[in-house]
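Structural overview for review
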Amino acid sequence: MLSTPAAKSAITERSERRPFILGIGGTPRERSSTELALRVSLAAAAANGAGTMLLGGRDLLLPLYQPGPEHQTPQSRRLVDALRRCDGLVIASPSYHGAMSGLIKNALDYTEEVRGAGRTYLDGIAVGLIACAGGSQGAGQTLAALRGVAHALRGWPTPFGAAICTTPMLFDADGACLDLKTAAQLELVGRQVLSFARMNMAAGDAAGR
Ligand SMILES: Cc1cc2nc3c(=O)[nH]c(=O)nc-3n(C[C@H](O)[C@H](O)[C@H](O)COP(=O)(O)O)c2cc1C
C-alpha cells in the first residue's frame, strides 16, 4: 500500500535521489572534439540537477572485450560498475569510416558484464547519442549505428540525437562550443536523458522497484 505515511516517505526519499548520468565517449586524442561535445551535453544535465561522470577516450582504452570476469581489468570494472549504477547514459562516438569507432564499440561490448543481479544491459535506461564526424553523411550513419546498438542493449534512445560536424574551431580553449546551434543540440541530448531518467526513476518508485 502506498498510502501509509511510512510508504509515502520512502517514495519521497527515493524520488529525491539525484539522477546519475554517465557519459562515455571521445577518442584518446588531446582535445578530442567528441569528448568535448560529450562534456557540453553532461554539463547541461549537471546544470539541471544530475550527478555526472565522464569516461573519456583514454579511460576507454580497454583490452578487446572477452566475456567473463577473469578477463576484466580495474579500468573495465570501473566502466561496468558505472554502467550498472547509472540512471541515464550519453554515448559520444566519432565517425570512423562510416560507423562508430572500434574504441566505442569495444567499450559498449563490456555491457555484456552488466547482467545477473540487478540490471540487464541498459534495460530501462535513457540513452543519449552523439556522433561527431568530418561530414554530415558520416555523422548520420554513425548516429544510426549508435541507435541500433542502444536498442540491442534494451536502452531507450532519446528522441533527439546529435549528429555534428566537427572542425578544429568548434570549441574554444576552455571547451565551450562556439557554434550556438551545435551547443543547443548537445545540451538538448543531456537534458532529454535527464528528464527520461527522472521519469524512469519515478515509475520505478511508483512500482516499488
Ligand atoms: C580513422 C578515421 C576515420 C574517419 N572516418 C570518417 C568518416 O568515415 N566520415 C567522416 O565524416 N569523418 C571521418 N573521420 C573524421 C572524424 O570523424 C572526425 O574528425 C571526428 O570529429 C574526430 O573526433 P575527435 O576529434 O574526437 O578525435 C575519420 C577520422 C579518422 C581518424
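Residues numbered from 1 in each chain as written. Predicted model: local features only at pLDDT ≥ 70, side-chain atom pairs only at ≥ 80, totals over all residues. Heavy atoms only, no water.

Describing the overall build of the chain
A count of helical and extended segments in the chain gives 6 helices and 7 strands. Going from the N terminus to the C terminus, the chain shows its helices and strands as α-β-α-β-α-β-β-α-β-α-β-β-α. Relative to its length of 209 residues, the chain is compact, with a C-alpha radius of gyration of 17 Å against a globular reference of 17 Å. Along the three orthogonal principal directions, the C-alpha set of the chain runs to about 60 × 45 × 25 Å. Across the 209 residues in the chain, those meeting the buried criterion constitute 50%. Taking as baseline every contact in the chain between residues at least 6 positions apart, the subset at least 24 positions apart corresponds to 75%. By element, 57% of the accessible surface of the chain is carried by carbon and sulfur atoms, the whole surface being about 10,000 Å². When the 21 basic and 17 acidic side-chain charges of the chain are each reduced to a single mean position, those positions are 3 Å apart. (Helix = DSSP H or I, 4+ residues; strand = E, 2+ residues; numbered from the N terminus. Rg over C-alpha atoms; globule rule 2.2 N^0.38 Å. Buried < 20%, exposed > 50% of the residue type's maximum accessible area, 1.4 Å probe, protein only. Contact = heavy atoms within 4.5 Å. Areas by Shrake-Rupley, 256 points an atom, 1.4 Å probe, with all protein chains shown as cover. Lys, Arg positive; Asp, Glu negative; His and termini not counted. Charge placed at Lys NZ, Arg CZ, Asp CG, Glu CD.)

Re the UniProt feature "domain: NADPH-dependent FMN reductase-like" (unreviewed entry) in the chain
Following the UniProt record, the feature "domain: NADPH-dependent FMN reductase-like" (unreviewed entry) maps to residues 21-159 here. In the segment residues 21-159, helix accounts for 37% and strand for 22%; the C-alpha atoms at its two ends are 17 Å apart. (UniProt positions renumbered as here; feature names shortened; annotations may be inferred.)

With respect to the packing of helix 2 (residues 33-47) against helix 6 (residues 180-206)
The relative placement of two packed helices comes down to the angle between their axes together with the axis-to-axis distance. Running from N to C, helix 2 and helix 6 cross one another at 50°; their axes reach a closest spacing of 7 Å. When the interaxial angle is binned, helix 2 and helix 6 end up oblique. In the crossing of helix 2 with helix 6, the sense of the turn from one axis to the other is right-handed. The segment helix 2 lies against helix 6, with Ala 37, Val 40, Ser 41, Ala 44 and Ala 45 engaging Ala 183, Leu 186, Glu 187, Val 189, Gly 190, Arg 191 and Leu 194. Among the residues making up the contact of helix 2 with helix 6, the classes are represented as 8 nonpolar, 2 polar and 2 charged. (Axes fitted to C-alpha atoms, helices over the stretch in contact; angles between N-to-C directions. Parallel < 35°, antiparallel > 145°, perpendicular 65-115°, else oblique. Left-handed = near helix turned anticlockwise from the far one by under 90°. Nonpolar A, V, L, I, M, F, W, Y, C, P; charged D, E, K, R; others polar.)

Re the nonpolar core
By size, the foremost hydrophobic cluster in this structure holds 33 residues, and its most contacted members are Leu 22, Ile 24, Leu 60, Leu 79, Leu 89, Ile 91 and Val 127. Looking at this core, the elements that each hand over two or more residues are strand 1 (20-25), strand 2 (51-55), helix 3 (74-85), strand 3 (88-96), helix 4 (102-109), strand 5 (126-133) and helix 5 (136-152). Of all hydrophobic cores here, the second largest spans 25 residues; its members include Ile 21, Leu 38, Ile 164 and Val 193. (Core = buried A, V, L, I, M, F, W, Y, C linked by side-chain atoms within 4.5 Å.)

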